[in-house]
Amino acid sequence: MTALDTPAPRLDPATAVAVETVEVAKEPAPKEVGNRLGRWLLYAALSLITLAFVYPFVWLLSASFKPRGEVFDNRLIPKTFTLDNYVSVWQEAPMAAWLFNTVLVTLLATAAVTVSSAMVAWGFSYFRFRGRNLLFGVVLATMMLPGAVTMIPTYLIWDALGQVGTLTPLWAGNLFGSAFYIFLLRQFFLGLPRDVFEAARIDGANNWQIFTRVAMPLTKPALIVTALFEFQAAWTDLMRPLIYLRDSEDFTVPRGLKSLVDQFGFGGQWHWEIIVTASVITTVPMIVLFFLGQRHFVQGIATTGSKG
Amino acid sequence: MGRQVRSRETRAALLFISPWIVGFLVFTAYPVIYTGYLSFTDYDVINDPAFVGFDNFKELLEDDKVALALRNTFIFAAMSVPAQLLVSLALALLLNWAGRASGFFRTAFFLPKMTPPVAIGVLFLLIFNGQSGLINGMLGTIGIDGPAWTTDPSWVKPGLVMMSLWTVGGSVIILLAALRNVPQELYDAARVDGAGFWRQTWSITIPMISGAMFFVFIVDTIAAFQSFSEAYTAFFGSGNTTYSNDAALFYAIYLFQQAFQFLHMGYASAMAWVLFVIIMIVTFIQIRVTQRFVYYEAETR
């Protein structure tokens, strides 16, 4: 894990020995000049690729400040700078309501999944009981299940509960934990020294107190990773808002953006400047989120790969 | 006494696990079984499900749109998954060579991964626009007359594949982490033995990170088979607007339309089960075929 922050030391004893051996054996010395040239080439290549990855954002942001006729002019700096598009989006769509709905759903989804997944992960890591591995195997197996297989009956359940058309189905399922986060948090719990919990137990703490007062604070990095991942997932989700939301007033921002694409895109009036601007509004919070939690995102994803 | 402690421990554990148990029973186990039942019925949500035997599955085999959607999905997966793996491997190797300076570039590569899929669909329409899009504008400056990416049926999927490469940042981070874990001693030993750069990459780097590559390969494949949001945003009308593009009709999109736009819940359930089986078969084949090439460190210990 730490390898991500601190690049592996280049000259540990083993390397030093190897370098010495090479010199003694009169091997050709490492190609110094070629290396410097190579480094410049490497940085040039990386910079070009970076441009390719970042430019679409810049293009989108720039286009959102252009008047209708210039959206597609592909200029980096708008010829005519205008904030009109932002005003139009606000007038054409209930953007404030969409933002409010999205923030609400995202916060509830994040809080619900983080707390419940931590509880379940704790149950699977601290206690020993018969059938634990079998049950945890079931948790892992559910990750393989395509969402399509549960989608329809899940809709019917929320329909039976009278919740279709409300925001509830977008987050309430998170109260029951999520396999991926349970897995992630359990890995983290298993890495904590057991003595700490036994000490708390001797001091008279009960199971719940050990979990909330000892385990949870120690798990902060993994909890942050879980919260950030779910925040992103809930904010960007399109499928569930498409299934469950009916009235424009109840839409989340991504669902709203889709309705704007329908209204102002190919299917409708060709006001791409409105779509562009709404896309910026949908995306910017995620960019901010990434810069706030960059380190945690990177570490969380790297862990996924190494543990999976 | 031992037994009492153990049963108390079991009870405590089950209390902590109970949210997942409830969720599993209500939102996973029951739905999986109920979808299975619905797949043998006609069901439009309003009237009760009517049992029709294997009719849905027979209809599925004869449905041209299912065949089209399956073909589109397979083509997309067959193009995008290897492309994503190669690009993310190349980028991870570049970042690894950059060493300490890689942080900035890693951030830049990951950033697109934060973009909501709806916005990616929009960006696709804009940047790949045949007449005035950024891509064709750039191709134009070097004298290439770019295709109509968003309308020409034979260019829609290649365009979507290129767009999917924009979000390889997650895989890059996974592969980079694996690269950083390759022990330096192996390279030093190889250098002493006279192995050149490509030889080291081929004989040490690739085998040592094959586990992570395998993981990315499987996860990307499962995701590709369920592609929905980007293509749906770009090419299919929701609600009252009903534009569509056959070249971008992925299986998940057709399934969604059957279930929630045409309210053919039984038919859609059958489609869901077929998708599940296809993904399982594909994953199984991938595991069987690639396992021989994956090197697990534990084996040698």
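All values reported here derive from a predicted model rather than from experimental measurement. Along each chain, residues carry numbers from 1 onward, in the same order as the chain's sequence is written. Here every chain gets a letter starting at A, and every ligand a number starting at 1, in the order they are written. Since the coordinates come from a predicted model, pLDDT governs what is reported: local features require at least 70, and pairs of side-chain atoms require 80 or more to be given and counted, while whole-chain, interface and lining totals use all residues. Side-chain numbers here rest on the full set of heavy atoms in the structure, without hydrogens or water.

J.: Lay out the overall build of chain B with the relevant residues and their values.
T.: Secondary structure summary: chain B contains 14 helices and two strands in total. Taking 19 Å as the expected radius of gyration for a compact globule of 301 residues, we find that chain B reaches 24 Å, considerably beyond that expectation. The principal-axis extent of the C-alpha atoms belonging to chain B is close to 80 × 75 × 30 Å. Looking at the 301 residues of chain B, the share that counts as buried comes to 53%. We call two residues in contact whenever any of their non-hydrogen atoms come within 4.5 Å of each other. Restricting to contacts in chain B with at least 6 residues of sequence separation, those with at least 24 account for 67%. The protein chains shown are the only cover counted for residues, whose accessible areas, like all others here, come from Shrake-Rupley with a 1.4 Å probe. Of the roughly 13900 Å² of accessible surface on chain B, 64% is carried by carbon and sulfur atoms. Side chains of chain B give 17 positive and 19 negative charges; the mean places of these two sets differ by 16 Å. The secondary structure listing takes helices from DSSP runs of H or I that are at least 4 residues long and strands from runs of E that are at least 2 residues long, numbered from the N terminus. With C-alpha atoms as the basis for the radius of gyration, the globule rule is written as 2.2 Å multiplied by the number of residues raised to the power 0.38. Relative accessibility decides the category of a residue: with a 1.4 Å probe and only protein chains considered, values under 20% of the type maximum give buried, values over 50% give exposed, and everything between is partly exposed. A positive count includes Lys and Arg, and a negative count includes Asp and Glu. His and the chain ends are not counted in either. The atom standing in for a charge is NZ when the residue is Lys, CZ when it is Arg, CG when it is Asp and CD when it is Glu.

J.: Outline the interface of chain A and chain B, listing residues and values.
T.: Much of the literature gives interface size as the accessible area that the parts lose upon coming together. Contact residues are listed per partner, giving 95 residues for chain A and 95 residues for chain B. When two parts are put together, the accessible area they lose, computed with a 1.4 Å probe and summed over both, is reported as buried area. Between chain A and chain B, roughly 8600 Å² of surface is buried when both sides are summed, and carbon and sulfur atoms account for 79% of that area. The largest contributions to the chain A side of the interface with chain B come from Phe53(A), Ile152(A) and Phe176(A), which together make up 8% of the buried area. Under this definition, polar contacts are N or O atom pairs within 3.5 Å; protein pairs additionally need one hydrogen-donor-capable and one acceptor-capable atom, and for neighbouring residues in sequence, both atoms have to be side-chain atoms. Our count for the chain A to chain B interface comes out at 16 residue pairs in polar contact (both at pLDDT 80 or more). With 18 residues, the top contributor of residues to the side of chain A that touches chain B is helix α14 (residues 272-307) of chain A. The classification used treats Ala, Val, Leu, Ile, Met, Phe, Trp, Tyr, Cys and Pro as nonpolar, Asp, Glu, Lys and Arg as charged, and all other residues, Gly among them, as polar. The class makeup of the residues in the side of chain A that touches chain B is 66 nonpolar, 20 polar and nine charged.

J.: Tell me about the side chain of Thr205(B), residues and numbers included.
T.: Among the secondary structure elements, Thr205(B) is positioned in helix α10 (residues 197-208). The residues touching Thr205(B), leaving out its near neighbours within four places in the chain, are Leu93(B), Leu179(B), Tyr187(B) and Gln200(B).

J.: Tell me what's going on with the domain arrangement of chain A, and back it up with residues and numbers.
T.: Note: domain ranges come from an automatic or database domain assignment. As far as domains go, chain A holds domain 1 (30-55) and domain 2 (95-307). Each of domain 1 of chain A and domain 2 of chain A has a C-alpha centre, and these two points are 38 Å apart.

J.: Provide a residue-level description of the nonpolar core, including the pertinent values.
T.: Nonpolar cores are built from buried Ala, Val, Leu, Ile, Met, Phe, Trp, Tyr and Cys residues. Side-chain atoms within 4.5 Å join them into one set. Within the largest apolar cluster, 153 residues are counted, with the highest numbers of intra-cluster contacts made by Leu160(B) and Phe260(B). Residue contributions to this core peak at 15 residues, all from α14(A). If sequence neighbours within four positions are ignored, Phe260(B) has contacts with Met151(A), Ile152(A), Tyr155(A), Ile243(A) and Met265(B). Grouped together as the second largest cluster of nonpolar side chains are 32 residues, Met119(A), Phe127(A), Phe136(A) and Leu192(A) included.

J.: Explain the side chain of Ser229(B) to me, using residue names and the numbers behind them.
T.: As for its position among the elements, Ser229(B) is in helix α12 (residues 229-235). Dropping the residues within four chain positions of it, Ser229(B) is found in contact with Leu238(A) and Pro117(B).

J.: How would you summarise the pattern of salt bridges if you had to cite specific residues and measurements?
T.: All names here are of chain A. Salt bridge, as used here: a side-chain nitrogen of Lys or Arg that lies within 4 Å of a carboxyl oxygen of Asp or Glu. The tally for this structure, following the rule as stated, stands at nine salt bridges over all chains. With a shortest N-O distance of 3.5 Å, Arg75 and Asp73 are connected by a salt bridge. For Asp73, a relative accessible area of 27% translates into the label partly exposed. Residues participating in the shared-partner salt-bridge network are Lys66, Asp73 and Arg75.

J.: Can you break down the confidence of the model for chain A residue by residue, with the values?
T.: pLDDT runs from 0 to 100 and stands for how confident the predictor is about each residue. Per-residue confidence for chain A gives a mean pLDDT of 87; residues scoring 70 or more make up 87%. Within the model, the stretch residues 1-33 of chain A combines pLDDT values under 50 with 25 contacts to residues more than four positions away or in other chains.

J.: Give a description of unusual backbone geometry that names residues and reports values.
T.: Positioned with a positive phi, Asn74(A) is a non-glycine residue whose angle comes to about 60 degrees. Inspection of the secondary structure assignment puts Asn74(A) in the loop between α2 (32-63) and α3 (84-92). A positive phi angle, close to 55 degrees, is found at Leu263(B), a residue other than glycine. Its relative accessible area of 28% is what places Leu263(B) among the partly exposed residues.

J.: Lay out helix α13 (residues 253-264) of chain A with the relevant residues and their values.
T.: Residues and elements named next belong to chain A. Compared with an ideal rise of 1.5 Å per residue, which puts twelve residues at 16 Å, α13 spans 16 Å between its outermost C-alpha atoms and is within 8% of the ideal. Within α13, eleven of the twelve residues are buried, which leaves it mostly tucked inside the rest of the structure. Every buried residue of α13 is accounted for by Val253, Pro254, Arg255, Gly256, Leu257, Lys258, Ser259, Leu260, Val261, Asp262 and Phe264. Expected span of a helix: the number of residues minus one, times 1.5 Å.

J.: Help me get a handle on a nonpolar patch on the surface, residues and values and all.
T.: The residues that make up patches have over 30% relative accessible area and no salt bridge, and they are joined within 9 Å when like-charged or within 5 Å when they are Val, Leu, Ile, Met, Phe, Trp or Tyr. On the surface, Val277(B), Met280(B), Ile281(B), Phe284(B), Ile285(B), Val289(B) and Phe293(B) cluster together into a nonpolar patch covering about 690 Å² of accessible area. Position of Phe293(B) relative to the elements: it lies in the segment after α14 (265-290).

J.: Outline the environment of Leu93(B), supporting the account with residue identities and numerical values.
T.: All names here are of chain B. Within the secondary structure, Leu93 sits in helix α3 (residues 64-98). What makes Leu93 buried here is its relative accessible area of 12%. The spacing of Leu93 and Gly143 is 50 residues in sequence and 32 Å in space, taken between C-alpha atoms.

J.: Can you tell me about the domain arrangement of chain B, naming the residues and giving the values?
T.: All names here are of chain B. Domain boundaries assigned for chain B yield domain 1 (2-38) and domain 2 (57-300). The C-alpha centroid of domain 2 is placed 35 Å from the C-alpha centroid of domain 1. Each partner contributes to the interface: domain 1 provides four residues, whereas domain 2 provides four residues. When the two sides are added together, the surface that domain 1 and domain 2 hide from each other amounts to roughly 340 Å², 70% of it contributed by carbon and sulfur. The largest per-residue losses of area from domain 1 upon contact with domain 2 belong to Val32, Thr35 and Leu38, which jointly make up 90% of the total buried on that side.

J.: Got a sec to walk through the packing of helix α4 (residues 102-110) of chain B against helix α8 (residues 169-180) of chain B? Specific residues and values, please.
T.: Residues and elements named next belong to chain B. To get an axis, a line is fitted to the C-alpha atoms, and for a helix only the part in contact is used. The angle between two axes follows their N-to-C directions and goes from 0 to 180 degrees. At a minimum axis distance of 8 Å, the contact between α4 and α8 shows a crossing angle of 150 degrees. Like other packed secondary-structure pairs, α4 and α8 cross with a definite hand, here left-handed. Mapping the contact onto sequence places Ser102, Arg106, Phe109 and Phe110 in α4 and Gly169, Gly170, Ile173, Leu176 and Arg180 in α8. Residue composition of the contact of α4 with α8, by class: four nonpolar, three polar and two charged. Throughout, a crossing is termed right-handed when the near helix is turned clockwise from the far one, and left-handed when it is turned anticlockwise from it by less than a right angle.

J.: Any chance you could break down the environment of Leu185(A) for me, citing the residues and the numbers?
T.: All names here are of chain A. By the element assignment, Leu185 lies in helix α8 (residues 179-190). You can call Leu185 buried: its relative accessible area is 0%. The sequence separation of Leu185 and Val225 amounts to 40 residues, and the corresponding C-alpha distance is 9.3 Å. The residues touching Leu185, leaving out its near neighbours within four places in the chain, are Thr114, Ser117, Ala118, Ala121, Thr219, Ala222, Leu223 and Thr226.

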